Amino acid sequence: MRALIFLDTNVLPRQGSIRNVLMSAVLKVASHNDLRVCISEVVLEESVNIRKSLVAEAIQKLQEAFNQASKLMELEPIYIPDLSEIASSWRDELEAAFEVIPLGGVQAVAALKREAARRRPARDGKGARDSAIWLSALEVAVANGAPVHFVSDNRADFADTANANLLHPDLLEDCKARGVEVIYHRNLDSLLDKLSSKSQNTPSIGSVSAVKNMFLEALFETGLPHRISEEFYGSAGFSLDAEVKDVKKIKSYQVDDAILSLVDIDVEVDTESTGDGDVKEIPLLVGCRAWVQSSHSAGAISSIDVEEVSSVTVR
């Protein structure tokens, strides 16, 4: 069985999208290696509650600033996002990115008992949630008969006091008792170093242009044509031609012979209205972020996965 990846709450993004640069790299490398990336149900709820708390604080500050400014000048009403909608959206992102491992009643009771017994990762009468997360990781390892890469920045509770890069001896005893292997990582960089090696490879404008049809197909899958039609042509039809103008590498990793490169690509898109009436031409500049997979030995690009279209502007 292939190894699994199990993430603690503290290595998940606190702001922005779940697919920031580092997490995007983890998910891509894991997918290439056919590794499942899991979080406990406890981690899911903790992350959602953290996001709710941060958003509530930001909304309060925004409202207070608006109220103060409105005493000095006339202001149009502002849109205040609904807290529950933001929390629900974040939950959806987490559930789409990771496999959520349910917390069973037996594990919950065992976690409380570890807390009462001051047994790691619980300490000083605290740590039931950490214990529940740890027991979920062990359960995944047992159920799948495969090693688990456990990633947590909580070194005080999970790491060896003599070497923070290793699992605490008490937790190693848990692994030994169950006949499983859990590999501890302090952060996502450590995980990536274990699963891949950094590469200096940078996809060129020419190499992306050589597979332009593949790239445009990936770009269109993001809904770009619909966006252009709505924003610039009043939902009418149009034709386009595209030319890759710039490719900037963010990160590259090598896994066996595959090079996985996260890049920002700028594309000049010339659009023209179709149908009856006067011809309308609008030259656009489209910016997107994509994963480009190429062969280390052959150099050719084998796949392109556009993660997001960051900008569409008239040039």
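Residues numbered from 1 in each chain as written. Predicted model: local features only at pLDDT ≥ 70, side-chain atom pairs only at ≥ 80, totals over all residues. Heavy atoms only, no water.

**Student:** Which parts of the structure should I look at to understand the packing of helix α2 (residues 41-70) against helix α3 (residues 83-97)?
**Tutor:** The relative placement of two packed helices comes down to the angle between their axes together with the axis-to-axis distance. With their axes 9 Å apart at the nearest point, α2 and α3 run at an angle of 145° to one another. Seen along the crossing, α2 lies across α3 with a hand that is right-handed. Across from Leu44, Glu45, Ser47, Val48, Arg51, Lys52, Val55 and Ala56 in α2, the residues of α3 making contact are Leu83, Ile86, Ala87, Trp90, Arg91, Leu94 and Glu95. When its residues are assigned to classes, the contact of α2 with α3 shows nine nonpolar, one polar and five charged. (Axes fitted to C-alpha atoms, helices over the stretch in contact; angles between N-to-C directions. Helix = DSSP H or I, 4+ residues; strand = E, 2+ residues; numbered from the N terminus. Left-handed = near helix turned anticlockwise from the far one by under 90°. Contact = heavy atoms within 4.5 Å. Nonpolar A, V, L, I, M, F, W, Y, C, P; charged D, E, K, R; others polar.)

**Student:** Honestly, the pairing of strand β10 (residues 301-314) in this entry has me stumped. Any pointers?
**Tutor:** A regular strand carries its side chains on alternate faces of the sheet. Relative to β10, strand β9 (residues 281-295) is paired through 11 bridges, and the arrangement is antiparallel. Within the sheet, the bridge partner assigned to alanine 290 lies in β10 and is valine 306. From the end of β9 to the start of β10, which pair antiparallel, there are five residues, and glycine 299 there has a positive phi angle of about 85°. (Pairing = 2+ DSSP bridges.)

**Student:** For this particular structure, what's the right way to read the layout of surface pockets?
**Tutor:** Rolled over the atoms, a probe as big as a water molecule pinpoints where empty space is left. The volume enclosed by the largest pocket comes to roughly 290 Å³. Along the walls of the largest pocket sit 15 residues, with Asp8, Thr9, Asn10, Glu46 and Ile50 positioned nearest its centre. Secondary structure elements with two or more residues in the lining of the largest pocket: α2 and α5 (128-144). The element that contributes the greatest number of residues to the lining of the largest pocket is α2, accounting for four residues. Its residues assigned to classes, the lining of the largest pocket comprises five nonpolar, four polar and six charged. Here the second largest pocket is characterised by a volume of approximately 150 Å³. Around the second largest pocket, the lining residues are Arg19, Ser24, Leu27, Lys28, Ser31, Leu35, Val37, Ala96, Ala97, Trp291, Asp305 and Glu307. It is helix α1 (residues 21-32) that contributes the most residues to the lining of the second largest pocket, four residues altogether. Considered class by class, the residues forming the lining of the second largest pocket number six nonpolar, two polar and four charged. (1 Å grid on protein atoms, 1.4 Å probe; cavity = no way out; pocket = protein on both sides within 12 Å on 5 of 7 lines; lining within 4 Å. Points joined across faces, edges and corners; volume = space filled by probe spheres on them.)

**Student:** Before we go on, may I ask you to explain the sheet that holds strand β6 (residues 197-198) in this structure?
**Tutor:** Strands belonging to one sheet form pairs held by backbone hydrogen bonds; the direction of such a pair is parallel or antiparallel. With respect to topology, five strands assemble into an open sheet ordered β6-β7-β8-β9-β10, the strand pairing being antiparallel. The sheet is open, and its two edges are formed by β6 and β10, each paired on a single side. Sheet contacts for helix α10 (residues 212-220): β7 (238-255), β8 (258-273), β9 and β10; angle to β10, the most-contacted strand, approximately 55°.

**Student:** How do you make sense of helix α11 (residues 224-232) when you look at a structure like this?
**Tutor:** For an α-helix, 3.6 residues make a turn, and residues three or four places apart therefore share a direction. By the burial criterion, the buried members of α11 are Leu224, Ile228, Ser229 and Phe232. An end-on view of α11 places all buried positions within 135° of arc, on one side of the element. Lining the buried residues of α11 we find α10, β7, β8, β9 and β10. Count one or two residues on from α11 and you reach glycine 234, which has phi positive near 55°. (Buried < 20%, exposed > 50% of the residue type's maximum accessible area, 1.4 Å probe, protein only. Arc of directions from axis to C-beta.)

**Student:** Is there a simple way to think about unusual backbone geometry in this case?
**Tutor:** Phi is mostly negative for residues that are not glycine, and the peptide bonds are mostly trans. Backbone torsion omega between arginine 120 and proline 121 reads 10°, so that peptide bond is classified as cis. One non-glycine residue, aspartate 34, adopts positive backbone phi at about 60°. Looking at where aspartate 34 falls in the secondary structure, it is placed in the loop between α1 and β2 (36-40). Despite not being glycine, aspartate 256 shows a phi value in the positive range, around 55°. Judged by relative accessible area, which is 69%, aspartate 256 ranks as exposed.

**Student:** Looking at this structure, how should I read the side chain of asparagine 33?
**Tutor:** Position of asparagine 33 relative to the elements: it lies in the loop between α1 and β2. For asparagine 33, a relative accessible area of 15% translates into the label buried.

**Student:** Just to check I follow, could you spell out the nonpolar core for this structure?
**Tutor:** In globular proteins that are soluble, nonpolar side chains generally tend to be buried together. Of all hydrophobic cores here, the largest spans 58 residues; its most connected members are Phe6, Leu7, Met23, Phe98, Trp134 and Phe150. Per-element accounting of this core gives the leading share, eight residues, to α5. When neighbours within four sequence positions are excluded, methionine 23 is seen to be in contact with Leu7, Val11, Leu12, Pro13, Ile18, Phe98 and Leu188. Listed in part, the 29 residues of the second largest apolar core include Leu219, Phe232, Val286 and Val312. (Core = buried A, V, L, I, M, F, W, Y, C linked by side-chain atoms within 4.5 Å.)

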